[in-house]
Amino acid sequence: MTEQTRKVDSPLHPTQTSRLTPSQAIIIGAGPAGLATALRLQQKTNIQSTVYELRPEPTTLGGAIGIQPNGLRLLDRLGVYDAMCGRGYGGANLTLHSLQGHVIGTSDYVGWAREKTGYGYMRIKRVDIVDIMKAKVDEAGIPIIYGKRITEIQEEGDGVTVRFEDGTVNTADILFGCDGIHSFVRSHFVDPGYLPEYSGVSGLGALVPGQVLSKGHLEMMTGLEGTLTEEGMLAVNPCAPNKEEVFMFFSKWLPIPETGDSRDGWEVHRKEEVDGFKDQLMGILKNARGDWGDALREVVQSTSSVNFYPVYRLPLGGRWSRGRCVLVGDAAHAMSPHAGQGVSMAMEDVFLLARLLEDPGRPIDEVFQKYYQIRRPRVDSIFTMAAQNAQMRKQRTSTGLWWQELKLSMMLNVSWAFGLDKRGLNQGHLVYDIEEVEL
Ligand SMILES: Cc1cc2nc3c(=O)[nH]c(=O)nc-3n(C[C@H](O)[C@H](O)[C@H](O)COP(=O)(O)OP(=O)(O)OC[C@H]3O[C@@H](n4cnc5c(N)ncnc54)[C@H](O)[C@@H]3O)c2cc1C
């Protein structure tokens with residue numbers, strides 16, 4: 001890398017010149033991946049970052065996210081875990097309920113991983129994760145500039161330059177595309193032909209204050225409480241300390257609207273689903289029996305607003321870097337959320353990239369090549385797991401539902417009887433430590 005100076009015209013430093021050394025990074029996107037990238041680069045390298053976010057201010061969008069041991073361990077190393085514990089809910093029990101009023105089975109499905117890693121499971125609102133990370137980035141003195149719409153990426157021999165809609169420009173040695181599934185960095189520079197696809201599953205999600213629910217019902221919610229229905233999967237999970245808030249989500253297979261796979265096309269489904277969600281769910285729960293049926297009806301009735309989200313993902317394949325630009329998190333490999341690994345995958349990306357960049361002598365193309373080689377098989381296997389889990393959301397006849405419940409009951413009970421969950425069945429991926437991987 002040659003030493004040069006370049007004129008930068010950013011609102012932060014309007015007339016300053018930026019030295020083009022191997023120590024400047026531009027990060028596009030201030031979601032979990034972008035904020036973690038900024039923090040980890042500062043912790044482990046001499047690279048200084050500026051984060052650019054499209055939205056005018058930190059977003060309040062999104063429901064509550066479940067984070068598993070492999071991700072929590074990295075968030076702790078990042079220095080944000082303790083603050084997250086003060087905002088999220090840590091109960092890790094999985095309970096599957098039947099609409100007939102009985103429990104199909106239970107599992108401490110991260111128990112073995114918790115013993116191995118010291119971290120369990122946390123459900124926390126996305127807005128809280130971003131808020132905590134942002135506070136840490138602010139504390140570290142790393143600039144985050146909001147309301148910046150990128151319009152162009154241009155690479156020259158020794159640097160990458162981005163232009164924004166407001167006419168400002170910045171140049172750095174590396175650009176991290178952390179701008180989510182509909183990434184500008186991917187679609188305008190790294191891999192324009194690589195497009196997101198609809199996963200087939202859509203969801204409705206809502207946050208319900210714990211205080212509006214009766215004490216007895218709240219006590220029944222000890223972790224992830226799933227209920228299979230003929231229409232899809234209905235689940236509730238506390239997502240704040242002392243169950244102050246509960247996240248309710250219903251996911252089901254839904255075809256692409258006849259009006260087209262576009263924002264306007266989906267608007268028709270969105271309106272139907274949001275307007276009719278209480279009727280739809282109360283219809284599904286009409287014959288739900290027992291205390292659990294009552295609890296679910298109370299949650300649905302207490303919901304005042306609901307979000308509808310068709311779930312998109314990036315098909316397997318695609319490139320993750322070009323020249324000096326690299327994709328991180330959902331921008332590289334958005335997957336359906338049914339493995340609960342999206343944030344953890346982003347953290348693993350970030351930690352690996354920071355490790356590779358720790359050696360200032362390592363050429364950037366080697367960094368990106370190793371990043372791809374190490375991450376690709378891991379991401380592919382989690383992607384496949386998420387796609388398989390999504391199958392549980394398929395619509396079923398009442399006989400199909402009965403079979404599915406029987407199958408799950410056998411699986412959970414055999415696992416419990418033989419102590420398989422305590423011996424790590426299906427938990428190997430949760431103890432994976434990206435920092436232990438040989439470079
Ligand atoms: C319904 C649903 C449920 C989920 N549940 C879970 C779960 O339980 N557990 C889990 O681990 N994960 C879950 N995920 C996935 C998780 O939310 C993502 O994997 C995670 O947010 C990825 O972080 P990211 O920073 O890569 O992308 P994002 O969170 O999408 O953040 C991208 C950021 O970039 C910004 N941006 C976009 N375009 C631009 C641009 N052109 N310029 C500047 N900024 C831009 C966006 O505004 C945003 O702030 C779920 C996802 C969905 C949709």
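It should be emphasised that the depicted structure is a prediction, and the values quoted were computed from it without experimental measurement. In this convention, every chain numbers its residues from 1, walking through the sequence in written order. Only residues with pLDDT of at least 70 are given local features in this predicted model, and only at 80 or more are side-chain atom pairs given and counted; all residues enter the totals for whole chains, interfaces and linings. Hydrogens and waters are ignored; side-chain quantities use all the structure's heavy atoms.

1. Description of the sheet that holds strand 4 (residues 48-52)
The pairing criterion for strands is at least two bridges between them, as found by DSSP. Numbered from the N terminus, helices here are DSSP runs of H or I no shorter than four residues, and strands are runs of E no shorter than two. Strand order across the open sheet formed by six strands is 9-4-3-13-20-19, with mixed pairing between neighbours. Unpaired on one side and paired on the other, strand 9 (144-145) and strand 19 (321-322) mark the two borders of the sheet. As judged from the two bridges shared by strand 4 and strand 9, these two strands associate in the parallel manner. Within strand 9, the residue paired with V51 across the bridge is I144.

2. Re the packing of aromatic side chains
Working definition: an aromatic ring pair is given by the centre-to-centre distance plus the angle between the planes. Centres within 6.5 Å are what make two rings of Phe, Tyr or Trp a pair, Trp counting through its six-membered ring; a difference in plane orientation under 30 degrees is then read as stacked, over 60 as edge-to-face, and the rest as tilted. The final tally for this structure, using the stated rule, is eight aromatic pairs. Between the aromatic rings of Y81 and Y119, the centroid separation amounts to 5.2 Å while the plane-to-plane angle is 80°, which identifies the pairing as edge-to-face. Within this pair, whereas Y81 is found in helix 3 (residues 81-85), its partner Y119 is found in the loop between helix 4 (111-117) and strand 8 (122-125), the two being separated by 38 residues in sequence. In this structure, Y81 and Y119 share a single accessibility class: buried. Centroid distance Y109 to Y121: 5.7 Å. Interplanar angle 55°. Geometry classified as tilted. Of this pair, Y109 sits in the loop between strand 7 (103-108) and helix 4 while Y121 sits in the loop between helix 4 and strand 8; the two residues are twelve residues apart in sequence, bridging distant segments of the chain. Remark: exposure states derive from per-residue accessible area (1.4 Å probe, protein chains only) relative to the maximum for the residue type, with buried under 20%, exposed over 50%, and partly exposed in between.

3. Some remarks on the site of the ligand
Taken together, 27 residues form the shell around the ligand, and within it A33, E53, G66, R126 and D330 come nearest. The definition of a polar contact used here is a pair of N or O atoms within 3.5 Å, where within protein one atom must be able to donate a hydrogen and the other to accept one, and adjacent residues in sequence count solely through side-chain atom pairs. Taking V343, its main chain carries an N or O atom lying 2.9 Å from an oxygen atom of the ligand. Considered on its own, the ligand offers 990 Å² of accessible surface; in the complex 82% of this is hidden by protein. Note that Gly is not counted as nonpolar here; it falls among the polar residues with everything else outside the nonpolar set of Ala, Val, Leu, Ile, Met, Phe, Trp, Tyr, Cys and Pro and the charged set of Asp, Glu, Lys and Arg. A per-class count over the shell around the ligand returns 13 nonpolar, eight polar and six charged. As annotated, the domain borders come from an automatic or database domain assignment. When residues of the shell around the ligand are sorted by domain, at least three fall in each of domain 1 (4-63 + 126-196 + 314-388) and domain 2 (65-125 + 197-313 + 392-434). By convention in these notes, a residue is near a molecule or strand provided one of its non-hydrogen atoms lies within 4 Å of it. Shrake-Rupley sampling with a 1.4 Å probe provides the accessible areas, and residues are treated as covered by the protein chains on show and by no other component.

4. Section: the domain arrangement of the chain
Here the domain parsing of the chain yields domain 1 (4-63 + 126-196 + 314-388) and domain 2 (65-125 + 197-313 + 392-434). Placing the centre of domain 1 and that of domain 2 at their C-alpha centroids yields a distance of 29 Å. Buried surface area refers to the total accessible area, computed with a probe of radius 1.4 Å, that the two partners give up upon joining, counted for both partners together. Between domain 1 and domain 2, the buried area comes to about 3,100 Å², and carbon and sulfur atoms account for 65% of it. Three residues, D128, I132 and H338, lead the burial of domain 1 against domain 2; their summed loss comes to 18% of the area buried on that side. We count a salt bridge whenever a side-chain nitrogen from Lys or Arg sits within 4 Å of a carboxyl oxygen from Asp or Glu. Where domain 1 packs against domain 2, one counts two salt bridges. Notably, a salt bridge pairs D128 with R87, separated by 2.9 Å at the nearest N-O pair. The tally of links between domain 1 and domain 2 comes to 14 residue pairs in polar contact (both at pLDDT 80 or more). For the side of domain 1 that touches domain 2, the secondary-structure elements that each account for two or more residues are helix 1 (32-44), helix 5 (126-139), helix 12 (342-357) and helix 13 (364-390).

5. So, the state of the cysteines
Any cysteine sulfur atom paired with another within 2.5 Å is treated as part of a disulfide. The full count for this structure, using the stated rule, is zero disulfides. In this structure C178 is a free cysteine whose sulfur lies 11 Å from that of C325, the closest cysteine sulfur available.

6. Some words on helix 5
By this rule the span expected of a helix is its residue count minus one, scaled by 1.5 Å. Its 14 residues place the ends of helix 5 20 Å apart at the C-alpha level, agreeing with the 20 Å of an ideal helix rising 1.5 Å per residue. Turning to helix 5, its buried residues are D128, I129, V130, I132, M133, K134 and V137. Looking at the residues trailing helix 5, positive phi occurs at G141, about 75°.

7. Notes on the nonpolar core
Within this scheme, the nonpolar core is defined by two criteria: the residues are buried Ala, Val, Leu, Ile, Met, Phe, Trp, Tyr or Cys, and they are joined through side-chain atoms within 4.5 Å. Counting 77 residues, the largest nonpolar core has I153 and F176 as its most contacted members. Here this core gets ten residues from one element, more than from any other, and that element is helix 12. Residue contacts are counted whenever heavy atoms from the two residues lie within 4.5 Å of one another. Sequence-distant contacts of F176, defined by excluding residues within four places in its chain, comprise A25, I26, I27, I28, T37, L41, V326, V328, L353 and L357. The next biggest cluster of nonpolar side chains, apart from the first, holds 32 residues, and it includes M221, L234, M248 and W266.

8. Focus: helix 14 (residues 398-417)
Helix length check: helix 14, at 20 residues, gives a terminal C-alpha distance of 28 Å against a target of 28 Å (1.5 Å per residue), a fit within 8%. Regarding helix 14, the residues found buried are L401, Q404, E405, L408, S409, L412 and S415. On an axial view of helix 14, the arc spanned by its buried residues comes to 140°, and they lie on one face. Exposed positions of helix 14 whose direction lies more than 90 degrees from the buried face are W403, K407, M410 and A417. Two residues or fewer after helix 14 comes G419, characterised by a positive phi angle close to 65°. Taking the helix axis as origin, the arc is that swept by the directions to the C-beta atoms.

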